[in-house]
Amino acid sequence: MQKLGEFKLPHFFNYPPYFTLQPVRDTREKQIQLWKELILDYCKTQKLFVIALEEEFPLFTNTVIERSLTNEAREAFLSALVSEGRAEWMDKGHRKCLILWHRIQDWADILLQFAKDNGLEDGVVTIEEIRFGTESQGTELHGIDRTILNRALKLLEQKGKLVVFKGTSTDDEGIKFSV
Amino acid sequence: MRRRPGIGGLQTAAAARDQYKKLGENVAKTRTDMMREQLSTFRSQLEDFARKHKNDIRKNPAFRSQFHEMCAKVGVDPLASNKGFWAELLGIGDFYYELGVQIVDICLATRPLNGGLINLQELCQLLRQRRKSDRGVVSEDDCLRAISKLKVLGSGFEVISVGKKKLVRSVPTELNKDHNEILELAQGQGFVTVDEVERRLSWTSGRAIDALDTLLDEGLAMIDDGHKDGKRRYWFPCVSPISSLTGIDSL
């Protein structure tokens, strides 16, 4: 099985026609489904949060079989993820896509669990600590995309589970939990 | 026999006819009886054989295949019914029934990827993967027998030959001769181009495109526009070598 670094690529990745957007509906639906799963899987294991369509993204090209996804195909697969709520376009031109391999709600749950695991139910912690601190090391929160974190925080704020307060710089922004 | 005139004569003729008729029936009956007896001898010998070699039949596909041939010669079909002597003795009615169910499963699972046409070899491989722990090896012959039983259900399952390969069809798609020829051509590299079809089969462009479009619509072909030579390729998942393409690693 072919690998991309440590990531095991599925068999369809080596079959040239999968790199061409299929015209027949049923075939295309299957193709889209396979690519959606692959994209989510890959992003999750590599902790990638943003895909820029025009840039080199390892999944979009297979040098072994010399095939590359057209822009149309890339947009089709990502749009499908967006429709499913597993991604969001970051711009009107559909050139950048935020990948939600965890949905925002899932991230919110992970944050709450993090608070519980670290005895922060009524505590304070900075954004910096959540993203890069020692406590978050080894958890999925470590290295989390800023945009996604903000959205999860907003969600929890709306539910009254925490309050975001600003510090002297953006990295000093803090959270007070009230779980 | 001398014909005698009058009613007496008629009665004698009738009696004679009756006697001939009875004689004829007797002869026929004797012949049938003899045949029945022979057949019954064959059958009981076959039954003895089956009893003695029950385990071998269950475990060894080559032996199993030869056993079937022997049965066929004597007009016995051990798979004919799930009840009765054979099924009970050998339990092989269940074996083929089970295989049949697994085959249907695999065909349904792979249908979105290959349009309902799967290479027999690939099918057997996937079947073996599924039955890994199980009682004995499954041969292609076993697959074919199980599929022939499925046909009886009218489930649209059929084995077709394309060139040197056998493909199992699990959809009602009718493949005509043109389609078959393209599939055979595709066995070379797994794909064909319109040019190639025209050239190798000496067809007009219209005929080639028609056939390819149908195969595409039926989900048996996929297009590939990514080659640097710019020519569209039509790939056929059902003729590609095993495991080069299925997105399903374990069924």
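So, here is what we can say about the structure in this document. Keep in mind the model is a prediction, meaning the values are calculated, not measured. (Residues numbered from 1 in each chain as written. Chains lettered and ligands numbered in written order. Predicted model: local features only at pLDDT ≥ 70, side-chain atom pairs only at ≥ 80, totals over all residues. Heavy atoms only, no water.)

1. Points about the overall build of chain B
1) Next: Within chain B one finds 10 helices and 6 strands.
2) Next: When the 251 residues of chain B are sorted by exposure, 39% land in the buried category.
3) Next: Contacts in chain B between residues far apart in sequence, at least 24 positions, make up 55% of those at least 6 positions apart.
4) Next: Carbon and sulfur atoms make up 51% of the accessible area of chain B, which totals about 14,500 Å². (Helix = DSSP H or I, 4+ residues; strand = E, 2+ residues; numbered from the N terminus. Buried < 20%, exposed > 50% of the residue type's maximum accessible area, 1.4 Å probe, protein only. Contact = heavy atoms within 4.5 Å. Areas by Shrake-Rupley, 256 points an atom, 1.4 Å probe, with all protein chains shown as cover.)

2. Looking at the pattern of salt bridges
1) Next: Across all of its chains, the model carries 20 salt bridges over all chains by this definition.
2) Next: In this structure, Asp224(B) engages Arg67(A) in a salt bridge whose closest nitrogen and oxygen atoms are separated by 2.7 Å. Within this pair, whereas Asp224(B) is found in strand E5 (residues 222–224), its partner Arg67(A) is found in strand E5 (residues 67–68), the two belonging to separate chains. The burial state of Asp224(B) is the same as that of Arg67(A); both residues are buried.
3) Next: The shortest N-O distance in the salt bridge between Arg200(B) and Glu196(B) comes to 3.9 Å. Taken together, the positions of Arg200(B) and Glu196(B), both in helix H9 (residues 194–201) and 4 residues apart, correspond to about one turn of that helix.
4) Next: For Arg200(B), a relative accessible area of 54% corresponds to the exposed category.
5) Next: Look at the salt bridges and you will find they share partners, linking Arg146(A), Lys166(A) and Glu173(A) into a network. (Salt bridge = Lys/Arg side-chain N within 4 Å of Asp/Glu carboxyl O.)

3. Details of the sheet that holds strand E1 (residues 117–119) of chain B
Residue and element names in this part refer to chain B.
1) Next: On the basis of which strands lie adjacent, the open sheet formed by 3 strands has the order E1-E3-E2 and antiparallel pairing. Two strands close off the open sheet at either side, each with one partner strand: E1 and strand E2 (158–162). Strand-to-strand twist in this sheet, taken as the mean axis angle between neighbours without regard to direction, amounts to 35°.
2) Next: As defined by bridge partners, E2 adjoins strand E3 (residues 165–169) across 5 bridges and the pair is classed as antiparallel. Within E3, the residue paired with Val159 across the bridge is Val168.
3) Next: Across the sheet, helix H6 (residues 120–130) is in contact with E1 and E3; its angle to E1 comes to roughly 80°.
4) Next: Sheet strands in contact with helix H8 (residues 177–186) are E1, E2 and E3, and its direction is about 65° off that of E2. (Pairing = 2+ DSSP bridges. Axes fitted to C-alpha atoms, helices over the stretch in contact; angles between N-to-C directions.)

4. Quick look at the sheet that holds strand E6 (residues 233–235) of chain B
Residue and element names in this part refer to chain B.
1) Next: Spatially, the 3 strands line up as an open sheet ordered E4-E6-E5, and their pairing is antiparallel. Among the strands making up the open sheet, the edge pair consists of strand E4 (191–192) and E5.
2) Next: In this structure, E4 lies alongside E6, joined through 2 bridges in antiparallel fashion. Opposite Val192, over in E6, you have Tyr234 as the bridge partner.

5. So, the environment of His142(A)
Residues and elements named next belong to chain A.
1) Next: For His142, the location among the structural elements is in the loop between helix H4 (127–132) and helix H5 (146–158).
2) Next: Taking the C-alpha atoms as reference, His142 lies 5.7 Å from Phe132; in sequence the two are 10 residues apart.
3) Next: When sequence neighbours within four positions are dropped, the list of residues in contact with His142 reads Lys47, Ile130, Arg131, Phe132, Gly133, Ser136 and Gln137.

What is shown is where atoms sit, not what they do.
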